[in-house]
Amino acid sequence: MDRDDAIERVEEILRTVETETMPVPVRELWVYGDVALGLDPVERLDVYVTKDILLDGDADRESEFRRSHGVEGVGKTVRAEWADDHSEHIRANDSGHAAPEKCLAAHLLPDDEPVHLEVCNSSFEDNVTQRLRGAIAREAYEQILDPRGVCLWVDGERSDEALGKLRESELAFPTLPDALEMLGMDTDRTDTAAEAVESYRKRQEGATVRGDVV
């Protein structure tokens, strides 16, 4: 993506989260990777969303959506109010239950753009640490979450300062190997890990989404 187009997409995602009903409560919104580093073009736009547990659901309506859409869990795992207005974005996992991360991706992302959405119940910083530990233990380095991120929105408040710095490419970050070393990864592994992360990203096409629970 052209960098200006990537920033425009980020701002559109922000506006949507701020002004529209989401399938689940959203607590944080970050961008990371290429767009945070100021690269142009942006090979893939990486967005991270922290979601909260749905406490204002309407479980009594689950059977209604089971009959109309063949999907379990609407009113429990995603808002029935959202599903009423955005039925075209209802998405299920392999077991037929409404999948919050897939519903968020369908609502927020165009299908034909190179945008990746990470959705987790944990904050970006906590998930970076947890994913790194797991990746090191399993030597599955492609699962590492790039720690070079920018928080643009948290608990209903937008950071105009962070967005301005992102737009003007004023943010300074270390290389990925150096960032991983700062987080405690052995120096002799950081280059290999960074290469695995980059290789994995290059194999992705179009809009993609990953849901995670920590």
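Residues numbered from 1 in each chain as written. Predicted model: local features only at pLDDT ≥ 70, side-chain atom pairs only at ≥ 80, totals over all residues. Heavy atoms only, no water.

We now examine the sheet that holds strand 4 (residues 149-154). Ordered in space as 5-4-1-2-3-6, the six strands form an open sheet in which the pairing is mixed. Each edge of the sheet is formed by a strand with only one pairing partner; in this case those strands are strand 5 (157-158) and strand 6 (208-212). Against the sheet, helix 7 (residues 160-167) makes contact with strand 1 (26-32), strand 4 and strand 5, and its axis sits at roughly 140° relative to strand 4, the strand it touches most. (Pairing = 2+ DSSP bridges. Helix = DSSP H or I, 4+ residues; strand = E, 2+ residues; numbered from the N terminus. Contact = heavy atoms within 4.5 Å. Axes fitted to C-alpha atoms, helices over the stretch in contact; angles between N-to-C directions.)

Take the pairing of strand 3 (residues 115-120) next. Counting buried residues in strand 3 gives six out of six residues, a clear majority hidden from the surface. The alternating pattern of strand 3 places V115, L117 and V119 on one face and H116, E118 and C120 on the opposite face, and all of these are buried. Two elements, strand 2 (residues 45-51) and strand 3, share six bridges in a ladder whose sense is parallel. Counted as the bridge partner of Y48 is E118 from strand 3. As judged from the five bridges shared by strand 3 and strand 6, these two strands associate in the parallel manner. Across the sheet, the residue bridging to H116 is T208, located in strand 6. (Buried < 20%, exposed > 50% of the residue type's maximum accessible area, 1.4 Å probe, protein only.)

For helix 7, the set of buried residues is A162, L163 and L166. All buried residues of helix 7 project into a common sector of 100° when viewed along the axis, lining one side. Exposed residues pointing more than 90 degrees away from the buried face of helix 7 are listed as D160 and E161. Against helix 1 (3-19), strand 1, helix 2 (34-37), strand 4 and strand 5 lie the buried residues of helix 7. (Arc of directions from axis to C-beta.)

The subject of this paragraph is the packing of aromatic side chains. For the coordinates displayed, the defined rule picks out three aromatic pairs. A ring pair is formed by Y48 and F124, whose centres lie 5.2 Å apart and whose planes are at 80°; its orientation type is edge-to-face. Taken together, the residues Y48 in strand 2 and F124 in helix 6 (residues 124-138) connect sequence positions 76 residues apart. We note that Y48, like F124, is buried. (Phe/Tyr/Trp six-rings, centres within 6.5 Å; stacked < 30°, edge-to-face > 60°.)

It is worth spelling out the nonpolar core at this point. Core analysis: the biggest nonpolar cluster contains 41 residues, and L29, V47, L104 and L152 have the highest contact counts within it. Here this core gets six residues from one element, more than from any other, and that element is helix 1. (Core = buried A, V, L, I, M, F, W, Y, C linked by side-chain atoms within 4.5 Å.)

Attention now goes to the layout of surface pockets. Space inside the largest pocket adds up to approximately 260 Å³. The wall of the largest pocket is formed by 18 residues, among which Y32, H116, E118, Y200 and R201 lie closest to the centre. At the level of secondary structure, the elements contributing two or more residues to the lining of the largest pocket comprise strand 3, helix 9 (187-202) and strand 6. In the lining of the largest pocket, the residues fall into six nonpolar, four polar and eight charged. (1 Å grid on protein atoms, 1.4 Å probe; cavity = no way out; pocket = protein on both sides within 12 Å on 5 of 7 lines; lining within 4 Å. Points joined across faces, edges and corners; volume = space filled by probe spheres on them. Nonpolar A, V, L, I, M, F, W, Y, C, P; charged D, E, K, R; others polar.)

On to the side chain of S123, then. Relative to the assigned elements, S123 resides in the loop between strand 3 and helix 6. For S123, a relative accessible area of 12% translates into the label buried. Excluding residues within four positions of it along the chain, S123 makes contact with E28, Y48 and T50.

Attention now moves to unusual backbone geometry. Between D40 and P41 the backbone carries a cis peptide bond, its omega angle lying at 5°. Topologically, P41 is positioned in the loop between helix 2 and strand 2. One non-glycine residue, E139, adopts positive backbone phi at about 55°. Along the chain, the position of E139 falls in the loop between helix 6 and strand 4. For S169, which is not a glycine, the phi torsion comes out positive at approximately 55°. Tracing the sequence through the fold places S169 in the loop between helix 7 and helix 8 (176-182).

Position of D58 among the secondary structure elements: in the loop between strand 2 and helix 3 (62-69). A residue is classified by how much of its surface remains accessible, and D58, at 32% relative accessible area, is partly exposed. For D58 and E28, which are 30 residues apart along the polypeptide, the C-alpha to C-alpha distance reads 24 Å. The contacts of D58, once residues within four sequence positions are left out, are V74, G75 and A80.

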